[in-house]
Amino acid sequence: MHREGGCACGAIRFETRTEPMGTGACHCRDCQKFTGGGPNYVALLPKGSVTLTRGEPSLARARADSGTMTSRAFCADCGTHLWGMPEHAPFMTVKVGAFDSSNDLGPQMHIYTASAPAWHPVPGEAPCFAGMPPMDARAD
Ligand SMILES: [Zn+2]
């Protein structure tokens, strides 16, 4: 399936023809900072499966809650966060809101639910993990 996406101002556009390995919502504190309080909804895609068709995102490198270093790609013009690139992981975490349509990208699991604020309900229809899921529960 061909998917396209981009930042809010349109300076950066991307596309992929690869189906996501999985989807999820991350409730860790870092993600709350970037979203404004709610979880971060992401689709996992193999690194190299997303092609830039316009612009070049800026990168912010930081240590994630999981302890691994990750690079976050964002638009330097409008500030929209586009994806994360965890080092040593075969996948990148593309924010589902960055896609032009995300109707079929609802979360298959919720992680770091222990960090979710008390006022944010975590829906019960998808598996929930207090922190990182065990390896066998992750998308394959
Ligand atoms: Zn932009």
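## Re the sheet that holds strand 5 (residues 50–54)
Move 1: Taken in spatial order, the three strands line up as 1-2-5 in an open sheet, and their pairing is antiparallel. Edge positions in the sheet fall to strand 1 (3–6) and strand 5, since each has one partner strand and no second. Looking at each pair of strands side by side, their axes are set apart by 30° on average, direction ignored.
Move 2: In terms of strand pairing, strand 1 meets strand 2 (residues 13–16) through four bridges, oriented antiparallel. Note on strand 2: the bridge partner recorded for glutamate 4 is glutamate 15.

## What to know about unusual backbone geometry
Move 1: Despite not being glycine, histidine 88 shows a phi value in the positive range, around 70°.
Move 2: Here histidine 88 lies in the loop between strand 8 (81–86) and strand 9 (91–95).
Move 3: Positive phi, close to 55°, is recorded for tyrosine 112, a residue that is not glycine.
Move 4: Mapping tyrosine 112 onto the fold places it in the segment after strand 10 (110–111).

## Some details on the pairing of strand 7 (residues 69–74)
Move 1: Summarising the sheet, strand 6 (residues 58–63) and strand 7 pair through six bridges and their orientation is antiparallel. Within strand 7, the position partnered with leucine 59 by the bridge is alanine 73.
Move 2: Direction of pairing for strand 7 relative to strand 8: antiparallel, over a ladder of five bridges. The residue bridging threonine 70 from the neighbouring strand is proline 86, located in strand 8.
Move 3: Counting the residues that bridge the hairpin from strand 7 to strand 8 gives six residues, and of these glycine 79 lies at a positive phi of roughly 85°.

## As for the sheet that holds strand 10
Move 1: With respect to topology, seven strands assemble into an open sheet ordered 6-7-8-9-4-3-10, the strand pairing being mixed. Either end of the sheet is taken by a strand with one partner, and the two such strands are strand 6 and strand 10.
Move 2: Sheet topology places strand 4 (residues 40–46) next to strand 9; five bridges connect them, and they run antiparallel. Looking across to strand 9, one finds that proline 46 is bridged to phenylalanine 91.

## Some details on the nonpolar core
Move 1: Core analysis: the biggest nonpolar cluster contains 24 residues, and Cys26, Val42, Leu45, Leu82, Met92 and Val94 have the highest contact counts within it.
Move 2: The set of elements that each furnish at least two residues to this core consists of strand 3 (22–26), strand 4, strand 8 and strand 9.
Move 3: When residues in this core are grouped by element, the largest group, four residues, is from strand 4.
Move 4: In this structure, valine 94 is in contact with Val42, Ala43, Leu45, Val50, Leu82 and Trp83, ignoring residues within four places of it in sequence.

Definitions and limits used
- Residues numbered from 1 in each chain as written.
- Predicted model: local features only at pLDDT ≥ 70, side-chain atom pairs only at ≥ 80, totals over all residues.
- Pairing = 2+ DSSP bridges.
- Helix = DSSP H or I, 4+ residues; strand = E, 2+ residues; numbered from the N terminus.
- Axes fitted to C-alpha atoms, helices over the stretch in contact; angles between N-to-C directions.
- Core = buried A, V, L, I, M, F, W, Y, C linked by C-beta atoms within 7 Å.
- Buried ≥ 20, exposed ≤ 12 C-beta atoms within 10 Å, placed from the backbone.
- Contact = placed C-beta atoms within 7 Å.

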